[in-house]
Structure formats: C-alpha cells, structure tokens
Amino acid sequence: MSKAKASESTSVEREHTRTGMSKAALKQDFLDNLFYIQGRFREVATPHDLYMAAAFTTRDRLLKRWVKSAQAFKTLHARTLCYLSAEFLLGPHLANNLVNLGIIETSQEAGQELDLDFEAILEEEEEPGLGNGGLGRLAACFMDSLSTCQIPAIGYGIRYEFGIFDQAIEDGWQVEKSDTWLRNGNPWEIPRPKIRFPVLYGGHTEQYRDQNGEPRMRWVPSWVIDGVAYDTPILGYGVGNVNLLRLWKAEASESFDFQAFNVGDYYGAVHAKIEAETISKVLYPNDEPEAGKELRLKQQHFFVSCSLQDMIRLHLNTVGPLDDFADKFAAQLNDTHPALAVAELMRLLMDDHGMTWDRSWEMTQRTFCYTNHTLLPEALETWSVTLFERLLPRHLEIIYEINRRFLDEIRMRFLGDEDRVRRMSLIAEDGERRIRMAHLAVVGSKAVNGVAKLHSELVKSTLFKDFNALWPEKFHNVTNGVTPRRFMVVSNPRLARLITECCGHDDWIRDLDRVRALESHAESSDLQAQWKAVKLAAKRDLTEWLKHVTGVQLDPAAMFDVQAKRIHEYKRQHLNALHIIRCYQELKQGLLKDPVPRAFIFGGKAAPAYFLAKLIIKLINAIAEVVNNDPEVNGFMRVVFMPDFNVKTGQRLYPAADLSEQISLAGKEASGTGNMKFSMNGALTIGTLDGANLEIREAVGKENFFLFGMTAEDVLEKQIEGYRPWDYYHGDHELKADIDLINSGLFSHGDTKLFRPLTDDLINHDPFMVLADYRAYIECQQRVSEAYRDQQHWVRMSILNVARMGYFSSDRAIREYAKNIWGIAPTPIDL
Ligand code: GL2
C-alpha cells in the first residue's frame, strides 16, 4: 500500500471510529445491545436475540441523523411532502439500512469476528407486509428515494397489526395464514404516545353562532377514537437525510372510556376499547368486492384525519398561522384511498380553525395532488351515500357543497350539457347513490398523474376525459420507478459488486443513469463470463432454497422463466400456463428435437375471495405435479409455485431470473414495477405493450425485448367489433388441444370438472383476451428459446438491459414529482 493510501485509510478508520461506524464500535454496541436490551449474552442468545441486537445497533446509528434532519427541517421551515398512503410495503429494514449507512461490509466482517451467521440474522427479520403489491411497494420505494434525494417528507399511513396474509400452498391450493409481524416486537419503530389525535365518527351536525355571531357548523359525533403515532426512520443512501414514516394505531379514546366507567359500565368501556382497536387491526386485501367494507371507510377516515391534524399541529408549532399551510406542505394522495382528505381538510380548516369556505377551498386545492394507479372499473372506489351519512355526516355535507359549486361551474362552461354534468358529478346517481372518490380527488387536487406514459394517456382519454377537457393543465405523467438500493444492492450483491468493478465506482447506486457505463463493455468476453457466473450463482441459491421450501428440484442450467406478481386474470398467469401445457404436449409428442430446458417459476398471492385467481394457482400447481413427475419431460421442464411471494422472497427471485413475464392485456396494467426489478437484475422481458413495458422496451432497445400481442388500441377495436373467444378456440387446434387437456382431467386426477370454471370462462367470455393473444405468445416464446441457445448473445442483451435501466430508478420519479408537481427543493443534511 502506498504511503498516501495508507494514511487515507487510517483517516477513514479514524472517521469511522468517531461516527461509530468502525468494526470495533459495531461489535461493542452489538454486544451491549444484546445484553442491555435483550438481557442475553452471546452463549445463550437465540437467533431472534441476535437479530434484535443487530437491529438496535443499526437503529442507534440512524437516530443521530434523524434528530439532525428534524431540527434542520424545523429551523429552515422546509417545504415538506406528505405522502398519504393506505399501504407501505416496506420489506425487511436491516440490510437496507446497513446499505444506506454504508456499513454492510463492515457489519459482515464484525459478524464474522463474533462468529455470527450474518445471513441467518438477516433472515430472522419478519417484514412489515403493510401493502398488497405494486402500489404499496411503490410507496416504500418512494420513501427511500425521497430521503436519498434529500426531499423533506413524511409518509403517513396505518400501522396494521396484521398486514397482508401469509400464503401457504396446501394440496396445490392457496391457504391464507394470518400475518404476525409484530409478535416478536418491532425494533424499528418508536411509539409516540403523546402524539395522539381524536378521530370522530357518526352522530349529526348542527349549526351554531360563534363569538362574532357568525353561523358555523359543528359535528357532534357519536363515537371518538384516538390515533397514536408510531414512527419509523427512513434513511437515504449515503446522505444524512432521514425522513419520517408515521403510522397510526387506533386506540380507545380515554375520555370515552371514562364516560362508560362513570356510569358503572365496565364491560361497555372494555368493549369500546376493542371496537376502537379493530380500526387498525388488518389490511384489506385488494381485488375483493367493495360491498360491506364499512371498516375500510373507517380506516381511510382514521388515517387521513390523524395525518391532517398532525400536519396542522406541525405547522402551528413551527411556521405559525395556517394561512400559508399550502406553502409549507404538499400532500400526495396515493390513489383514492386517502381522497377523503379533501373533505377532511376543509372540515378542519372551517370548523376547527374558523376559516371561510373560499379560503379553505383555495388552500385545499393548493395542497393536494393525486396519483391514479388503475383504470380497472372494479378498483375505482365509490362509497354509498347512506354509509357516509351514518359514518361521516359532516363530510357528506362538505362533499355535497363541493359538488354543488363544481357542477355550477360545469353548467356555466358547458351550457345545457346535462349529460356531462351527470358524468362529472362527485355523486353517481344511477342506482344507489354513491360518492365517486376519484372525482373528489381530481376536483380537490392541483395535479393529477398516471404512473406510466401509456397509462397517463389513457387516464386523460378515458377515465378523466371530461376533467381533462376542463383542466388540461392539471394532468401529468410520472412513470414509476423502483429503488436500486433494495432491488439491486441488497438483493443482488454479486451483481452490484460486478457493476461497481466494471464502472470503476459505485456512484451508480445514487445515480442509476451511470450504469450506462456498462454498455461499452457489453461485448467484452471477460465481463460476459463474469456476468454469466453471477447469474448462475443466483440461480443456484434460488434452486437450493426452492428445493427446501417446495421440494421441487430445478436445474440451474435451465432458463429461469419467472412470473411473480399478484394473481389476477388481467395479468394472465393462465396464458403462461397454456404455454407450459404447449411445451408439455410437444415434448410428449416428440415434436421438439433439441428443446431448451426451462424452469417455470411462479409467485404471487390471490385475494382470498377471488375464486378464479385461486383456481389459477391450483392449476399451476396441478400442472407442476404432472410435469415434474413425468420422466419423459422433466429433464427439459420443471414447474414450481414459490409460496408467499413478498418483498423478502422476491429478493431471491429477481437476481435469478433469465426471463421476466410481463404479459398483461394491453391497457390493463397501469405501470407494473416488477418489470423494472427483473430487468435491473439482467432478466430479459417477454411482454405486451402495456404499462411501463413500452418505456422499458424503448429504453433497452427493441432488439433486447420480446414483444408480442395486441396493442391497447387493438383491444378496444376488438371489444367494439365484439370479441368471440369461441372462434379462437375452434380456429387454433393447438390452443384447443391445450384447453382440452385441462378439461380431460389429466392435471386433476381424472376430475374433469375442477378447472371448468376457468376453461369455460376462457372459451365463452375471456374478458382479458387470453385466447386472442395465445398464438402470438407461443410464437414469441419460440423466439425466446432460440435466443437463449446463443448464450453469448443472450448475455450481451442482459448486460444492455441493466445498462439502460437508469430511467427506472425511483430517484428519477421523485425528482420529477419534486420539480413538476410539488415544487420542493432538496434540503441536504450534512453527515
Ligand atoms: C397498481 C397497478 O396495478 C400497477 O400496475 C402499478 O405499477 C402500481 C403502482 O403504480 O399500482 N394499482 C393498484 O391498484 N395496485 C397496483 O399495484 N394495487
């Protein structure tokens, strides 16, 4: 080592010692935490004790930065983004925080010196599954990027006691098990029992006159509960910025308990407590019928009300009078789940803070921005007016008044166009009267965005066509992104190291555009060999783990063809299944001379009440059973359904995939983010022109992407002309043979009825046009197999995929929001 290098490294060591980041400090603190927090010493510690000690040792290192950030934001009166989301699908914290602190390697070494199994400690962490899928995970990626991009931010949501259910597979069927992420304690959160707000429900409203004799409205609720804050620090990568994730837990309001106690109703008081606490008990799975979900509306009001009261409190404490509330805060509505915030902010400003309607409305409209995440009609939230009347009578009044003023404006602009008025109203009047939450969000926000180019265009031309005609400047696109910290550095350390080596720096971790440096090495046989070795190692890891959890043995030399996402008809896992059956039949019939071996890997949860989605899981497992046990074919193909796809298990999948299945019906997937995670890890995509696939294809190059299927326009045309899946079934003998094989009972121990609901639906209705895209898909899969034979070419394409993914970092998305939508500049916190 040169003299200069040596003195540099000792100065780094000194700095690490000073900041507590040295190996020695980590070891000492770990042992201290093990002793003082867990009450254990090394010899008797359980794996969970070790994890807790590691977590506290890491958390201690976040806290200093957190306090510093909070102080700076307060004194600078920094404009702050509040991300309101019913879901935050965070994934395990430990490894991510170590990466963002820049001490993952030091920690590994410290662990080695203490004779600890570092991987086993990471594995101990139960992830907080406070989300369903893409939407919740996007919120988590955005929290990481907000901190990394140094944007002052608070994430507001619900601290569900039970997150998304754990999925087990029993006899091929999905079985839901309750998630118990809090059972062993959560070292990452800090409860704030003093930060507590009352949330009102039920009762009635009444008019009264204030001290100045002005008429005002008052809400007299029939019950009140408290929301209590639980804070989790979110550290950015390589920066001092720590933002706050504040999740609300429901508790019985003390004053209410006392009332019951005073009249001697002890059990009544206890009952009220239990009732109150159910509000933050459980996350609702999506894709379920909306009917009867009163608790869901209660949850929405609960977290929105707590969050807005908290923002107002912060504003009054730091900035002062509420007049410039909208200068201090921007609030992003993550889908319509928090759209009630529009009415709640109006209520708080008028009823609690004495503002006029006009002033409150102006502030409300300047505060909120709304992101739409879906065009699927069944996912667009509406709430019955009757339910609102009973639960939120004051909000209903306010929504009526917003609507009255808004529709007056429409009538002025579009004289005599009552049809337009009916279409744009916040209240749907056909059948039972219902409140359209998306319309409330659009009217109450200054900006509305979709989540990919195609999606944002469809938002403007279909769902919000009338609104776009009225306020074209309101509509934006911000294409989604994902964080390269979690989805590359944490999940795929081998690849991360190789990229760093090849680029000569690790700046790409904070500026993903810089992975483009790989492009010029794509032809290098040296890089190609290392690239292949990295992929193979990840496939071996996955193989070993899948064998352990499912019993299925894969061949790491086979092409790993992966579809991992929520199970839904529009995502078309059954199209993938038909291709597997096609391969099976061709192998059985000896039609394939030199087949390319494939491992078909699936992961994903179905909503508990979504029958067809659950039947698709059963079908995949049924096919797996036949294929994997048939010696005639199982040398060339294997099928496996990985149970319990979540952030943690996903991290095992992305690095190991060769082929990423993004095969939704065009126009249905708003963006997709799994498509980005796979591509960042060097998988090639087979996909339709849907969601962000379009942009991914443009970025990586058409020649490095396997495109098939109808466009969104084709789909529309076909729907208009009348789609008849029956014709496809009879017109394509292979397709017919594949569906008939399912019906023959081959995959169901002779039961010819089991999969009928699925096959009948395909042949007779096929709402997501699986049959129309079948032929194109099969042909495209043949091109994939051919391409895979030429490994050198494949690896080159894989390198180019990664090299060109810079745009899909969530840092880019956050910078776009900050600049074009929120108007918030970075506030750097010095380390
Ligand atoms: C979703 C979309 O379906 C998905 O395509 C998109 O990537 C994410 C994030 O924008 O949002 N919309 C939705 O309701 N869920 C999604 O995952 N649950």
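Each chain carries its own residue numbering, running from 1 in the written order of its sequence. A pLDDT threshold of at least 70 governs which residues receive local features in this predicted model, and a stricter bar of 80 or more applies before side-chain atom pairs are shown or counted, although totals over entire chains, interfaces and linings include all residues. Side-chain measures here rest on the full set of heavy atoms in the structure, leaving out hydrogens and waters.

**What about the pairing of strand 10 (residues 223–235)?**
In summary, the side chains of a regular strand alternate between the two faces of the sheet.
So, step 1. Within strand 10, twelve of the 13 residues are buried, leaving the element largely enclosed by the surrounding structure.
So, step 2. Strands are treated as partners if at least two bridges between them are detected by DSSP. Where helices and strands are cited, they refer to DSSP runs of H or I of at least four residues and of E of at least two residues respectively, numbered from the N terminus. Pairing between strand 7 (residues 190–201) and strand 10: nine bridges, direction antiparallel. In the strand pairing of strand 10, Leu-200 is matched with Val-224.
So, step 3. Here strand 10 pairs with strand 11 (residues 242–252) via eleven bridges, running antiparallel. Relative accessibility thresholds used throughout: buried, under 20% of the residue-type maximum; exposed, over 50%; partly exposed, between the two (1.4 Å probe, protein chains only).

**Focus on the side chain of Thr-649**
So, step 1. Following the sequence through the fold, Thr-649 ends up in helix 25 (residues 647–653).
So, step 2. Any pair of residues with heavy atoms lying within 4.5 Å of one another is described as a contacting pair. Those residues in contact with Thr-649, other than ones at most four positions away along the chain, are Trp-545, Met-642 and Asp-644.

**Section: the sheet that holds strand 19 (residues 559–564)**
So, step 1. Spatial strand order, 21-20-19-22-23-24: six strands in an open sheet with parallel pairing. What marks the edges here is a single partner per strand, and that holds for strand 21 (637–642) and strand 24 (706–707).
So, step 2. Here strand 19 runs beside strand 20 (residues 598–603); their pairing, made up of six bridges, is parallel. Bridge pairing in strand 20 places Gln-563 opposite Phe-602.
So, step 3. Note on definitions: angles span 0 to 180 degrees between N-to-C directions of axes, and those axes are lines fitted to C-alpha atoms, for helices only across the stretch in contact. Sheet strands touched by helix 23 (residues 573–588): strand 19, strand 20, strand 21 and strand 22 (659–662). Its angle to strand 20, the strand with the most contacts, is close to 155 degrees.

**Overview of the UniProt feature "modified residue: N6-(pyridoxal phosphate)lysine" (unreviewed entry) in the protein**
So, step 1. UniProt positions are given in the numbering used here, feature names are shortened, and annotations may be inferred rather than shown by experiment. Feature annotation in UniProt assigns "modified residue: N6-(pyridoxal phosphate)lysine" (unreviewed entry) to the following positions: Lys-677.
So, step 2. Assignment of secondary structure puts Lys-677 in helix 26 (residues 674–680).
So, step 3. The buried category is assigned to Lys-677, whose relative accessible area is 5%.
So, step 4. Ignoring sequence-local partners within four residues, the contact set of Lys-677 consists of Arg-137, Val-482, Phe-487 and Tyr-654.

**A word on the packing of aromatic side chains**
So, step 1. Pairs were defined over the aromatic rings of Phe, Tyr and Trp, the Trp ring being its six-membered one, requiring ring centres within 6.5 Å. Orientation was assigned from the angle between planes: stacked under 30 degrees, edge-to-face over 60, tilted for the rest. Across all of its chains, the model carries 24 aromatic pairs by this definition.
So, step 2. Arranged with centres 6.0 Å apart and planes meeting at 85 degrees, the rings of Phe-464 and Phe-467 form a pair that is edge-to-face. Comparing Phe-464 with Phe-467, the two get one shared label, buried.
So, step 3. Look at Tyr-723 and Tyr-728: their rings are 5.8 Å apart centre to centre, the planes differ by 50 degrees, and that puts the pair in the tilted class.
So, step 4. Tyr-723 gets classed as buried once you look at its relative accessible area, which sits at 15%.

**Details of helix 23**
So, step 1. Between its terminal C-alpha atoms helix 23 stretches 23 Å, which fits the 22 Å expected from 16 residues at 1.5 Å a residue.
So, step 2. Most of helix 23 sits inside the fold, with 15 of its 16 residues counted as buried.
So, step 3. Taken from the residues just after helix 23, Gly-590 is the one with a positive phi, measuring 65 degrees. A helix's residues, less one, multiplied by 1.5 Å, set its expected span.

**What to know about the packing of helix 21 (residues 493–503) against helix 22 (residues 525–550)**
So, step 1. At their nearest, the axes of helix 21 and helix 22 sit 9 Å apart, and the two run at 165 degrees to each other. Put simply, helix 21 runs roughly antiparallel to helix 22. For helix 21 against helix 22, the interelement crossing comes out right-handed. Touching Arg-494, Leu-495, Leu-498, Ile-499, Glu-501 and Cys-502 of helix 21 are Leu-527, Gln-530, Trp-531, Val-534, Ala-537, Ala-538 and Asp-541, all from helix 22. In this scheme, roughly parallel covers angles under 35 degrees and roughly antiparallel covers those over 145, while 65 to 115 is roughly perpendicular and the rest are oblique. The sense of a crossing depends on the near helix, which, turned anticlockwise from the far helix by less than a right angle, makes the crossing left-handed and, turned clockwise, makes it right-handed.

**Some thoughts on the sheet that holds strand 14 (residues 382–384)**
So, step 1. Spatially, 14-16-15 is the arrangement adopted by the three strands of the open sheet, whose pairing is antiparallel. Pairing within the sheet leaves two strands with one partner each, and these edge strands are strand 14 and strand 15 (427–428).
So, step 2. Judged from the two bridges that link them, strand 15 and strand 16 (residues 434–436) form a sheet pairing that is antiparallel. Looking at strand 16, one finds that Ala-428 is bridged to Arg-434.

**Re the packing of helix 30 (residues 733–743) against helix 32 (residues 770–789)**
In a packed pair of helices, the relevant descriptors are the angle between the two axes and the axis-to-axis distance.
So, step 1. Contact pair helix 30 / helix 32: the axes reach a minimum separation of 10 Å and the direction vectors enclose 115 degrees. For the pair helix 30 and helix 32, the sense of crossing is right-handed. Of the residues in helix 32, those touching helix 30 at Glu-734, Leu-735, Asp-738 and Ile-739 are Leu-771, Tyr-774 and Arg-775.
So, step 2. Residue composition of the contact of helix 30 with helix 32, by class: four nonpolar, no polar and three charged. Three residue categories are used. Nonpolar comprises Ala, Val, Leu, Ile, Met, Phe, Trp, Tyr, Cys and Pro, charged comprises Asp, Glu, Lys and Arg, and polar comprises the others, including Gly.

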